[in-house]
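# Coordinates in review
This is what each chain is made of:
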Amino acid sequence: VKLSYYDGQSVNRMEFTNGSKFYFDGVNFDLVNAGNKVSAAQEMVFDDSEWILSTAAGDKTFTVDSRVNMQFIMRGKGLVAKPAAGEIWTMSVALTGEGGFVNRGEGTVVLPGDCIKYTGVTCAESGVIDFGGASVTNVTLAGAGMFAHGTLTDAKVLADGTAPQIDGVTVDGKVTV
């Protein structure tokens, strides 16, 4: 997929729902013609849908040039990641909205606290969600996978039959189960 913008006011909203898969490895912006910045919001909405950066095996980083004004909005279960065993996928974009985030892969997703701007459930159905040593506030955790390397402040853990595993996570404030 190639998105090209020739006007800094271009507005786009793309929605991915119901288990859809979004194969996308970059945005091509003509930032010279757009005054080196896209001022209008570019929205990508995820509701139980997967963003696949590349079909090639290996570690990946999800990032977008800050001049693009791209917003990642979570609804329902939100964005789904499926890193293969041994792979590390790193989120470096803010995820917003009322939805959540799900790791359905056997690998690791690094999800630093500054990326967690959504209010839904952060779910490790399998694999690991690693907070990158960051402090995470007011997060709701669920799933049978593992949460690692961070500080939880005022967190909730949903233990509906299977409690998540915790490794290298400290607690500041209260954690409600």
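Now for a description of the structure that goes with this document. Treat the numbers as computed from the prediction; the structure is a model and nothing was measured.

Cut-offs applied
- Residues numbered from 1 in each chain as written.
- Predicted model: local features only at pLDDT ≥ 70, side-chain atom pairs only at ≥ 80, totals over all residues.
- Heavy atoms only, no water.
- Helix = DSSP H or I, 4+ residues; strand = E, 2+ residues; numbered from the N terminus.
- Contact = heavy atoms within 4.5 Å.
- Areas by Shrake-Rupley, 256 points an atom, 1.4 Å probe, with all protein chains shown as cover.
- Pairing = 2+ DSSP bridges.
- Phe/Tyr/Trp six-rings, centres within 6.5 Å; stacked < 30°, edge-to-face > 60°.
- Buried < 20%, exposed > 50% of the residue type's maximum accessible area, 1.4 Å probe, protein only.

### Looking at the overall build of the protein chain
Looking only at helices and strands, the protein chain features 0 helices and 16 strands. For the protein chain, restricting intrachain contacts to residue pairs at least 6 apart in sequence, the fraction spanning at least 24 positions comes to 40%. With an accessible surface of roughly 8500 Å², the protein chain has 48% of that area assigned to carbon and sulfur atoms.

### Thoughts on the pairing of strand β15 (residues 146-158)
Direction of pairing for strand β13 (residues 128-137) relative to β15: parallel, over a ladder of 7 bridges. Directly across from Ala134, in β15, lies its bridge partner Gly150. Pairing of strand β14 (residues 140-142) with β15 involves 3 bridges; the strand directions are parallel. Paired with Thr140 across the bridge in β15 is Lys156. Bridge count between β15 and strand β16 (residues 165-176): 9 bridges; the pairing is parallel. Its bridge partner being in β16, Thr151 is matched across the sheet by Thr170.

### Overview of the packing of aromatic side chains
On inspection of all chains with the given rule, the structure shows 8 aromatic pairs. On the basis of an interplanar angle of 55° and a centroid distance of 6.3 Å, the ring pair of Phe22 and Phe46 is categorised as tilted. Placement of the pair is Phe22 in strand β2 (residues 21-23) and Phe46 in strand β3 (residues 42-47), with a sequence separation of 24 residues. When sorted by exposure, Phe22 lands in the same class as Phe46, which is buried. Taken together through their ring pairs, the aromatic side chains of Phe16, Phe22, Phe46, Trp51, Phe62, Phe72 and Trp89 make up a single cluster.

By themselves, these figures tell us nothing about what the structure is for.
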